Amino acid sequence: MTTKIKLTLVLLFLAFSTFAQEKQRSESPAQKEKRMAWWEDARFGMFIHWGLYSLPARHEWVRSHEKISDKAYQVYFENFNPVDFNPVKWAKEAKAAGMKYAVLTTKHHEGFVLFDSKYTDYKAPNTQAKRDLVREYVNAFRAQGIKIGFYYSLIDWHHPDFTIDRFHPLRPDDNKPDSVWDNLNKNRNMARYRKYLLNQVTELLTNYGKIDILWLDFSYPGKHGKGKDDWGSVELLKQVRRLQPGIIVDNRTDLKGYKNAEDFETPEQVGPEELMKYRGKTWETCQTFSGSWGYFRDEKSWKTPKQLLDLLITSVANGGNLILNVGPTARGEFDYRADNALDSIAYWMHANNSSIYHCTYAPKEFVAPANTRLTYNKETKRLYVHLMEYPSGTIKLVGAKKMVRYAQFLHDNSELKITWDNEGDDLIINLPTDKPPYIIPVIELILNK
Ligand code: GLC
């Protein structure tokens, strides 16, 4: 091929890629709604935090919390040997629990990568695992029909060019003058780190097929902090959307207000009662079973099955998603507490997932009775009443104004007799004395078209 033809082809490619880039930047609200529709309908995903921090087993921030040196942390790299890693089992548990997408930490703040990156030796193929663990995760979850997400930490406590900041394990003690910080960072070069970051995100979005979600984490601008300029966030997002035009990206690159940058808000570990304030926005609350994202052997603060279901139901009742985290052990398994939690969710979701998928908050005409949550499917015109506490005898839906044709329990489609009160303004639903065998029973109301 002559040089002239080659040059022409290169120029054509550059012109196309620029156009594609411009096209991305000009995505219309309707196009964004279409791109995100599957995610908003899915409502429920699995977060998976897994890395070297699973060995110390006392929080994924252990290296920062305990200010562990590179040398001292190397023991976990040397002993990372996930002999029980079975992503097919992980994927089947996620599917049974009703999780429609999954997001795996390809790299967390510690800097260790689970994939076969050509830009670092600090990676799973160089441990006793001897292979690309992200590849196996992608294949297993895709085979179960679960959408694929990657978490990638913008932070990197291992990379020699990542400047020491207020979270870095090698940070100086409090209140040291700037001269101490400058000296610590004199040989570190964030421009080189930005190139490394861009190269690895490019590998992730090039080598594993269609990626549905990218979860970048996190920005902390301010003194001894890092934000969009440190990450090169504008260029990074352009590259992300160029490589994967349909991808959905979180809001932690410090680009609030930038067009086509961030797709959803990420309220983290908030209580169900705080979720009301996100109604009307596009959001996903990220939550753990306990307090730690990474496996924490001795943590006792595990949420009950009811608390977990409350998070899921209340998220949907306020028009948002829940991504629920599992921290696998260093052997590569979900521990018994995670298995038990997922099993209880699976049992409930098998019978009641119609009140979750494709649902959102109820029309304002419906007022949730005490100790209930309402969700609504506008396509099927079904209203769902989640009984957080089981009432005795009847439950009243004030102001339902004859909008309901029929009522049943969702889990077995058994009829619930309805009557009207207050001159037809209020609906009375008659309930059996015995509570059905579900932590949170759900009433399905079929509305008049
Ligand atoms: C916070 C934590 C990080 C965790 C993330 C999950 O950023 O620092 O460890 O991965 O939340 O949302």
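Structural data are supplied above this passage.
Now for a look at the structure at hand.

The rules behind these values
- Residues numbered from 1 in each chain as written.
- Predicted model: local features only at pLDDT ≥ 70, side-chain atom pairs only at ≥ 80, totals over all residues.
- Heavy atoms only, no water.
- Core = buried A, V, L, I, M, F, W, Y, C linked by side-chain atoms within 4.5 Å.
- Buried < 20%, exposed > 50% of the residue type's maximum accessible area, 1.4 Å probe, protein only.
- Domains from an automatic or database assignment.
- Contact = heavy atoms within 4.5 Å.
- Salt bridge = Lys/Arg side-chain N within 4 Å of Asp/Glu carboxyl O.
- Helix = DSSP H or I, 4+ residues; strand = E, 2+ residues; numbered from the N terminus.
- Pairing = 2+ DSSP bridges.
- Right-handed = clockwise from strand over helix to strand, strands pointing away.
- Near = heavy atom within 4 Å.
- Polar contact = N/O pair within 3.5 Å; in protein donor to acceptor, adjacent residues only side chain to side chain.
- Areas by Shrake-Rupley, 256 points an atom, 1.4 Å probe, with all protein chains shown as cover.
- Nonpolar A, V, L, I, M, F, W, Y, C, P; charged D, E, K, R; others polar.
- Axes fitted to C-alpha atoms, helices over the stretch in contact; angles between N-to-C directions.
- Lys, Arg positive; Asp, Glu negative; His and termini not counted.
- Parallel < 35°, antiparallel > 145°, perpendicular 65-115°, else oblique.
- Left-handed = near helix turned anticlockwise from the far one by under 90°.

Describing the nonpolar core
Ranked by size, the top nonpolar core spans 90 residues in total, and within it Met46, Tyr137, Phe141, Phe150, Leu214 and Trp348 carry the most contacts. The residue makeup of this core includes at least three contributed by each of domain 1 (28-353) and domain 2 (362-447). Filtering out sequence-adjacent residues up to four positions away, tyrosine 137 remains in contact with Ile48, Pro87, Ala102, Val103, Leu104, Ile148, Gly149 and Phe150. The next biggest cluster of nonpolar side chains, apart from the first, holds 21 residues, and it includes Ala362, Tyr390, Val404 and Phe409.

Regarding the pattern of salt bridges
One pass over the structure, following the stated rule, counts 28 salt bridges. Here glutamate 27 ties to arginine 35 by a salt bridge, and the two come within 2.7 Å at their closest N and O atoms. Comparing glutamate 27 with arginine 35 shows no difference in burial state: the two are buried. Note that aspartate 212 is salt-bridged to lysine 210, the shortest N-O span being 2.9 Å. Of the residues examined, lysine 210 reaches a relative accessible area of 49% and is grouped as partly exposed.

Observations regarding the pairing of strand β3 (residues 147-153)
Here β3 lies mainly inside the structure; six of its seven residues are buried. Two strands pair when backbone bridges link them, and strand β2 (residues 101-107) and β3 are joined in this way by six bridges, in the parallel orientation. Its bridge partner being in β3, leucine 104 is matched across the sheet by phenylalanine 150. Regarding the hand of the β-α-β motif, the stretch spanning β2, helix α6 (residues 133-143) and β3 is right-handed. Pairing between β3 and strand β4 (residues 213-217): five bridges, direction parallel. Counted as the bridge partner of glycine 149 is isoleucine 213 from β4.

Some details on the site of the ligand
Around the ligand, 14 residues are found, and the nearest of them are His49, Glu60, Trp61, His108 and Asp217. Within the side chain of arginine 252, a nitrogen or oxygen atom sits 3.4 Å from an oxygen atom of the ligand. The separation between an oxygen atom of the ligand and a polar side-chain atom of glutamate 268 is 2.9 Å. Coverage of the ligand by the protein chains reaches 94% of its 310 Å² of free accessible surface. Of the residues that constitute the shell around the ligand, the class distribution is seven nonpolar, three polar and four charged.

Remarks on the sheet that holds strand β7 (residues 321-326)
The seven strands lie next to each other as β5-β4-β3-β2-β1-β7-β6, forming an open sheet whose pairing is parallel. Only two strands of the sheet have a single neighbouring strand rather than two, namely β5 (248-249) and β6 (284-288). In this sheet, β7 lies alongside strand β1 (residues 44-48) in parallel orientation, the contact comprising five bridges. Opposite phenylalanine 47, over in β7, you have asparagine 325 as the bridge partner. Sitting on the sheet, helix α11 (residues 305-317) is in contact with β1, β6 and β7, with an inclination near 150° to β7.

Side note on the side chain of aspartate 250
Note that aspartate 250 resides in the loop between β5 and β6. Summary of buried charges: aspartate 250 has no salt-bridge partner, and the nearest side chain of opposite charge, arginine 252, is 4.6 Å away. Polar side-chain contacts of aspartate 250 include one of 2.8 Å to the backbone nitrogen of leucine 216. When residues no more than four places from it in sequence are discounted, the contact partners of aspartate 250 are Leu214, Trp215, Leu216, Glu262, Asp263, Phe264 and Thr266.

Notes on the pairing of strand β8 (residues 372-377)
Buried residues dominate β8, accounting for five of its six residues. One ladder, built from six bridges, connects β8 with strand β9 (residues 382-387); its direction is antiparallel. Its bridge partner being in β9, arginine 373 is matched across the sheet by histidine 386. Between β8 and β9, which pair antiparallel in sequence order, lie four residues; one of them, lysine 381, sits at a positive phi of approximately 55°.

Looking at unusual backbone geometry
At the junction of aspartate 217 and phenylalanine 218, the peptide bond is cis and its omega measures out at -20° in the coordinates. Counting through the fold element by element, phenylalanine 218 comes out in the loop between β4 and α9 (228-231). One non-glycine residue, asparagine 260, adopts positive backbone phi at about 55°. If you trace the backbone, asparagine 260 turns up in the loop between β5 and β6.

Examining the packing of helix α5 (residues 87-96) against α6
Closest axis-to-axis distance for the α5/α6 pair is 8 Å, and the angle between their directions is 40°. For the element pair α5 / α6, the angle class is oblique. Viewed along their axes, α5 and α6 form a crossing whose handedness is right-handed. Taken together, the residues of α6 that come into contact with α5 (itself represented by Pro87, Val88, Trp90, Ala91 and Ala94) are Glu136, Tyr137, Ala140 and Phe141.

Brief notes about the packing of α11 against helix α12 (residues 336-352)
The interhelical angle for the contact between α11 and α12, taken along N-to-C directions, is 55°, at an axis separation of 10 Å. Judged on the interaxial angle alone, α12 and α11 are oblique. For the pair α11 and α12, the crossing hand works out as right-handed. In this structure, α11 contributes Pro305, Leu308, Leu309, Leu312 and Ile313 to the contact, and α12 contributes Ala341, Ser344, Ile345, Trp348 and Met349. Taken together, the residues of the contact of α11 with α12 sort by class into nine nonpolar, one polar and no charged.

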